[in-house]
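Fold and geometry: a report
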Amino acid sequence: MAFLGLHLGNACATGSLYKKRKVVQQCFRQQPLALLITVFIFITAEVRLWTADPPRHYPEKATAAGETACGCFIFLNNIHPQERNNIMEKTYDIHVEKFVPLISPSQLKDRIPLSQASHETVVAGRRAIADILGGKDPRLLVVTGPCSIHDEKAALDYAARLKALGDRVNDTMLLVMRTYFEKPRTTVGWKGLINDPWLNGSYDIGTGLERARRLLVQITEMGVPTATEMLDSIVPQYIAGLVCWAAIGARTTESQTHREMASGLSMPVGFKNCTDGSLATAINAMIAARSSQSFLGIDPDGQACIVKTTGNPHAHIVLRGGTRPNYDTVSINEAVSMLSAKDLTRSILVDCSHDNSRKNHELQASVWQDVINQRIDGNKSIIGLMLESNLNAGNQKNTGDLAAMAYGVSITDACIDWETTEQLIISAHEQLSHANTAATDGGFHRYKVG
Ligand SMILES: O=C[C@H](O)[C@H](O)COP(=O)(O)O
Ligand SMILES: C=C(OP(=O)(O)O)C(=O)O
């Protein structure tokens, strides 16, 4: 009734003849008396406006008459002014199809708890990464693994191989597995296992969170430290306790929301330089992330809340190239000067993939070797490298049919295969071991930060 009253007013003021007729018919069926009185008041108002001296113009007259009629209808039907909001045309969620409730972070943690073995891997992994960033651990941090996880079986296969390799090179490198569940897209595309776990556009995010958490538990139970990109600001509540290193990607490093989220994350966070190659965005991000922040989020029970953080002490930069690669000596020195000027940690991780290899996975090997050479030559600011690597090389189209797709091949960016990965890591391990042994003054000195 109230809704019709409002529509009557609106229809009188602005509507088409058809709309007016429809609204009046509805009103008449439901509230004949109120309608008659309203129509009478409306006509009286119209007549007064049309005969006013000086004459008033049409839109003003129509609106005023409509509002008068609407006001009278609301008054006659005893509608409280506050209820008007409820009967007005909807101004929110117009483009929202539906809201699908999700399990809360604590419910998911109860369902898939952190085991003792996982806990040990996460704590030791984070500590080792923080020590590498701070210059206390002389090893090289190597973040390697698929561009994105789409098949848990292949991910576990990769993790098992990485565990064996990590044990072998443990005295020169810390190997951390890319377990990327969220993919930022330049335009559109598959957004990762959390967003679309069935690879078919069904967006079963609840299942995605569950599968991501379960896989992280399995990988950390194998003793393999994990790395992921944090993209959605709600996701960390569900999985962050199982992640040793996090990235904020090139597309989101400039975003305030992501910087705030990073300030509260429990693990070291690497900020990628911007897609155009700008370092300033990552440097500004590091300043924002090390500061305490207050922002909107959810608590472990899924309740919307204000999240107050203390700031992340282990924010650092990741060079991933832009309009040109930025892994060369000149680019790295430029990054060091910019970081020094802002009194930030000068520890740099170089991503061999993305725009450093011009998205050609085969070029990752030469980027890798160039950076290893710089490190051996004494570039003390290089603390780590990243590879996009999978069981098998290249990439394939996501057809949505996991059984029909090639095993261990990326469905996002092209990756190098396992054999190449192993060969690069072992070769670098040998070169680093040799350099350490050969150095007459006890090995190259790690860069002390702060
Ligand atoms: O690392 C993965 C991709 O480079 C990133 O998600 C962007 O991919 P897109 O440009 O294909 O969307
Ligand atoms: C998306 C990624 O990188 P970037 O943000 O550098 O494009 C990635 O590492 O998966």
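Keep in mind the model is a prediction, meaning the values are calculated, not measured.

1. Remarks on the packing of helix 11 (residues 256-264) against helix 12 (residues 280-290)
Geometrically, a packed helix pair is captured by the angle between its two axes and the distance between the axes. Two numbers describe how helix 11 lies on helix 12: the axes approach to 8 Å, and their chain directions differ by 45°. In terms of orientation, helix 11 and helix 12 fall into the oblique class. Between helix 11 and helix 12 lies a crossing whose hand is right-handed. Here Arg-259, Ala-262 and Ser-263 of helix 11 come into contact with helix 12, specifically with Thr-281, Asn-284, Ala-285, Ala-288 and Ala-289. When its residues are assigned to classes, the contact of helix 11 with helix 12 shows four nonpolar, three polar and one charged.

2. Observations concerning the site of ligand 1
Every residue lining ligand 1 is accounted for by Cys-147, Lys-183, Pro-184, Arg-185, Thr-186, Arg-251, His-354, Lys-359, Glu-388 and Asp-413. In the environment of ligand 1, an oxygen atom lies 2.4 Å from a nitrogen or oxygen atom belonging to the side chain of Thr-186. Bound to the protein, ligand 1 loses 85% of the 340 Å² it would expose on its own. Grouping the amino acids of the shell around ligand 1 by side-chain chemistry returns two nonpolar, two polar and six charged.

3. Regarding the sheet that holds strand 4 (residues 245-248)
Strand order in the closed barrel formed by eight strands is 1-2-3-4-5-8-9-10, and the pairing between neighbours is parallel. In this sheet, neighbouring strand axes are inclined to one another by 30° on average, regardless of whether the strands run parallel or antiparallel. By the bridge criterion, three bridges tie strand 8 (residues 315-319) to strand 9 (residues 348-351) in an arrangement that is parallel. If you follow Leu-319 over to strand 9, its bridge partner there is Val-350. Sheet contacts for helix 12: strand 5 (269-272) and strand 8; angle to strand 8, the most-contacted strand, approximately 165°.

4. What to know about the nonpolar core
In terms of nonpolar packing, the biggest core is built from 79 residues, with Phe-271 and Trp-368 touching the most fellow members. Excluding residues that lie within four positions of it along the chain, Trp-368 makes contacts with Val-142, Cys-352, Leu-385, Leu-387, Leu-424, Ile-425 and Ala-428. Counting 17 residues, the second-largest nonpolar core is a separate cluster that includes Ile-132, Leu-174, Ala-247 and Ile-383.

5. Looking at the site of ligand 2
Taken together, Arg-178, Tyr-180, Lys-183, Pro-184, Glu-229, Gly-249, Ala-250, Arg-251, Lys-272, Arg-320, His-354 and Glu-388 are the residues near ligand 2. Here an oxygen atom of ligand 2 and a side-chain polar atom of Lys-183 are 2.6 Å apart. In this structure, an oxygen atom belonging to ligand 2 sits 2.7 Å away from a side-chain N or O atom of Lys-272. Contact with the protein chains hides 97% of the accessible area of ligand 2, taken as 290 Å² for the molecule alone.

6. With respect to empty space enclosed by the protein
Going through the model one piece at a time under the given rule, you end up with one cavity of 30 Å³ or more. Estimated volume of the largest cavity: approximately 60 Å³. Around the largest cavity, the lining residues are Pro-146, Ser-148, Ile-149, His-150, Asp-151, Ala-154, Ala-155, Asn-390, Gly-408 and Val-409. When grouped by side-chain class, the residues that make up the lining of the largest cavity number five nonpolar, four polar and one charged.

7. So, the pairing of strand 2 (residues 173-178)
Most of strand 2 is tucked away: six of the six residues are buried. Relative to strand 2, strand 1 (residues 140-145) runs parallel, the two being bridged by five bridges. Looking at the pairing, Leu-140 lines up with Met-173 of strand 2. Sheet topology places strand 2 next to strand 3 (residues 226-229); two bridges connect them, and they run parallel. In the strand pairing of strand 3, Met-177 is matched with Thr-226.

8. Observations concerning the UniProt feature "domain: DAHP synthetase I/KDSA" (unreviewed entry) in the protein chain
In the numbering used here, UniProt assigns the feature "domain: DAHP synthetase I/KDSA" (unreviewed entry) to residues 128-424. When the span residues 128-424 is considered, its composition is 33% helix and 17% strand, and the gap between its end C-alpha atoms is 22 Å.

Conventions and cut-offs
Residues numbered from 1 in each chain as written. Chains lettered and ligands numbered in written order. Predicted model: local features only at pLDDT ≥ 70, side-chain atom pairs only at ≥ 80, totals over all residues. Heavy atoms only, no water. Axes fitted to C-alpha atoms, helices over the stretch in contact; angles between N-to-C directions. Helix = DSSP H or I, 4+ residues; strand = E, 2+ residues; numbered from the N terminus. Parallel < 35°, antiparallel > 145°, perpendicular 65-115°, else oblique. Left-handed = near helix turned anticlockwise from the far one by under 90°. Contact = heavy atoms within 4.5 Å. Nonpolar A, V, L, I, M, F, W, Y, C, P; charged D, E, K, R; others polar. Near = heavy atom within 4 Å. Polar contact = N/O pair within 3.5 Å; in protein donor to acceptor, adjacent residues only side chain to side chain. Areas by Shrake-Rupley, 256 points an atom, 1.4 Å probe, with all protein chains shown as cover. Pairing = 2+ DSSP bridges. Core = buried A, V, L, I, M, F, W, Y, C linked by side-chain atoms within 4.5 Å. Buried < 20%, exposed > 50% of the residue type's maximum accessible area, 1.4 Å probe, protein only. 1 Å grid on protein atoms, 1.4 Å probe; cavity = no way out; pocket = protein on both sides within 12 Å on 5 of 7 lines; lining within 4 Å. Points joined across faces, edges and corners; volume = space filled by probe spheres on them. UniProt positions renumbered as here; feature names shortened; annotations may be inferred.

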